[in-house]
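Topology and contacts: notes
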Amino acid sequence: MNSSKSPGLAGFGVLKNTTCHTEKKISVFFSIIFMTAGILSNSLAIVILMKAYQRFRQKSKASFLLLASGLVVTDLFGHLINGAIAVFVYASDKDWIRFNQSNILCSVFGICMVFFGLCPLFLGSVMAVERCIGVTKPIFHSTKMTSRHVKMMLTMVCLFAVLIALLPILRFRAYQIQASRTWCFYKTEHVEDWEDRFYLLLFSCLGFLALAISFLCNAVTGITLLRVKFKSQQRQGRSHHFEMIIQLLAIMCVSCICWSPFLVTMARIGINEGGSKETCETILFALRMATWNQILDPWVYILLRKAVLRNLYKITSGCCGMHVINLHMWELSSIKNSLKVAAISESPGSSKQINLQPLTSMGQ
């Protein structure tokens, strides 16, 4: 198990020689706050998704709803499982020797940390790809992106994340108790073995790859929407583009800001051949930043609706002394509207003949 020690004591040799000066009350407070906020926000997002799916069952919207549902359900279970284990560890006074003799709990904790860390990133990149295809290739999206295909993609993403999480176990490598004695992950202290470095770099590279795919696809989608906006004179097109661009910017900013510190920290630990110089406090801060991404995901993907943007626009316009235009034609069904606008933009001759009828808003 990566050392001459018994599997049940994996990681305890590091704990004896390493001290992480963290305040217990503050750590418990952060764990409870993160778990509660994540459960509430993702539960609210699931309720909104269920209501949206009951009202909108069109093929163009089904793929987005399925992917968004998979994202918020994954975030919800991540907060439930990881949060429950963390609270149990705190309640047991972090005495791993007493309740982790066979190293089962630490292995489960480590597997959950890797799976629920990578899976939302993968799902975010898949959603970005789906939106990019829906905007740039609307006909292909409407004919090929069926619910069955989306379910297959969700299954493949989850299986791939499970495989990455189980890889150390399959290679007979134990997940390590971290210096703070509150969570388990890959070995992050005194990393000398090439395989331990490989796991850290693999996690970081996959995370950065998912963020890069999301950034690239969102950039292509945003540029396409801007081009359609300047070409189209339809009001629903303008409001739709404004709404989508705000959502894309929020998605990219939240994901990059929240995950970059943790991914960079893990990559530095894996690359540094002289031993890790990252402190326990630095790793914990990066971990808490990554946790915030799972809390903010439902607010970015689901709860950033037209009503919020409309009120923000009115407030901003009022403060700046600008004339507030009539925004009652805003559409929440962004994917469906983008299909029609993008399809018309591809055929300039037909754009003058086709008259887009306003769609009924979800909130009305």
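What you see is a predicted model; the values in this text were computed from it and never measured. (Residues numbered from 1 in each chain as written. Predicted model: local features only at pLDDT ≥ 70, side-chain atom pairs only at ≥ 80, totals over all residues. Heavy atoms only, no water.)

Under the UniProt annotation, the feature "transmembrane region" (unreviewed entry) is placed at residues 26-50, 62-90, 102-129, 150-170, 198-226 and 246-271. The straight-line gap between the two end C-alpha atoms of residues 62-90 is 42 Å; of that span, 100% is helix and 0% is strand. (UniProt positions renumbered as here; feature names shortened; annotations may be inferred. Helix = DSSP H or I, 4+ residues; strand = E, 2+ residues; numbered from the N terminus.)

Before going further, it helps to examine the state of the cysteines. Applying the stated criterion to the full structure yields 1 disulfide. No disulfide involves Cys-132; its nearest neighbouring cysteine sulfur is the one of Cys-217, lying 4.8 Å away. Overall, Cys-132 belongs to the buried group, its relative accessible area being 11%. (Disulfide = S-S within 2.5 Å. Buried < 20%, exposed > 50% of the residue type's maximum accessible area, 1.4 Å probe, protein only.)

Attention now goes to helix H7 (residues 147-170). Taking 1.5 Å as the rise per residue, H7 with 24 residues should run 34 Å; its terminal C-alpha atoms sit 33 Å apart, in good agreement. In the structure, H7 departs most strongly from a straight axis at Ile-164, where the bend amounts to approximately 30° and where the proline Pro-168 lies between one and four residues downstream. For H7, the set of buried residues is Val-150, Leu-154, Val-157, Ala-161, Ile-164, Ala-165 and Pro-168. A positive phi of about 60° marks Phe-172, the residue just after H7. (Expected span 1.5 Å × (residues − 1). Bend = angle between axes of the 7 residues up to and from the residue.)

Applying the stated rule across the entire model yields 5 salt bridges. Of the charged contacts in the structure, one is a salt bridge between Asp-95 and Arg-98, with a shortest N-O distance of 3.5 Å. A salt bridge links Glu-195 to Arg-173, with the shortest nitrogen-to-oxygen separation between them at 3.1 Å. Highlighted residues: Glu-195 in helix H8 (residues 194-231) and Arg-173 in the loop between H7 and strand E1 (176-177), separated in sequence by 22 residues. Here Arg-173 falls in the buried class, since its relative accessible area comes to 12%. (Salt bridge = Lys/Arg side-chain N within 4 Å of Asp/Glu carboxyl O.)

With that out of the way, let us pick up the packing of H7 against H8. Close contact between H7 and H8 brings their axes to 10 Å; oriented N to C, the two are set at 165°. In terms of orientation, H7 and H8 fall into the roughly antiparallel class. In this structure, the crossing between H7 and H8 has a hand that is left-handed. Residues Phe-160, Ile-164, Leu-167 and Pro-168 of H7 form the contact with H8, whose own contacting residues are Phe-198, Tyr-199, Leu-202 and Leu-206. Residues belonging to the contact of H7 with H8 are distributed by class as follows: 8 nonpolar, no polar and no charged. (Axes fitted to C-alpha atoms, helices over the stretch in contact; angles between N-to-C directions. Parallel < 35°, antiparallel > 145°, perpendicular 65-115°, else oblique. Left-handed = near helix turned anticlockwise from the far one by under 90°. Contact = heavy atoms within 4.5 Å. Nonpolar A, V, L, I, M, F, W, Y, C, P; charged D, E, K, R; others polar.)

Two numbers describe how helix H5 (residues 104-136) lies on H7: the axes approach to 8 Å, and their chain directions differ by 145°. As for the relative orientation of H5 and H7, their crossing is right-handed in sense. Contacts from Ser-107, Ile-111, Val-114, Phe-115, Leu-118, Cys-119, Phe-122, Leu-123 and Val-126 of H5 reach H7 at Met-153, Leu-154, Val-157, Cys-158, Phe-160, Ala-161, Val-162, Ile-164, Ala-165, Leu-166 and Ile-169.

Here the focus is the packing of aromatic side chains. For the structure on display, the rule yields 16 aromatic pairs. Taking the centre distance of 5.6 Å and the plane angle of 70° together, the rings of Phe-185 and Phe-262 count as edge-to-face. Pair noted here: Phe-185 is in strand E2 (residues 184-185) and Phe-262 is in helix H9 (residues 235-271), with a separation of 77 residues, a long-range link. Its relative accessible area of 3% is what places Phe-262 among the buried residues. A centroid spacing of 6.1 Å and a plane angle of 75° characterise the contact between Trp-259 and Phe-262, whose relative ring orientation is edge-to-face. You can see Trp-259 and its partner Phe-262 sitting in helix H9, 3 residues apart, about one turn around the helix. Residue Trp-259 is classed as buried on the basis of its relative accessible area of 4%. (Phe/Tyr/Trp six-rings, centres within 6.5 Å; stacked < 30°, edge-to-face > 60°.)

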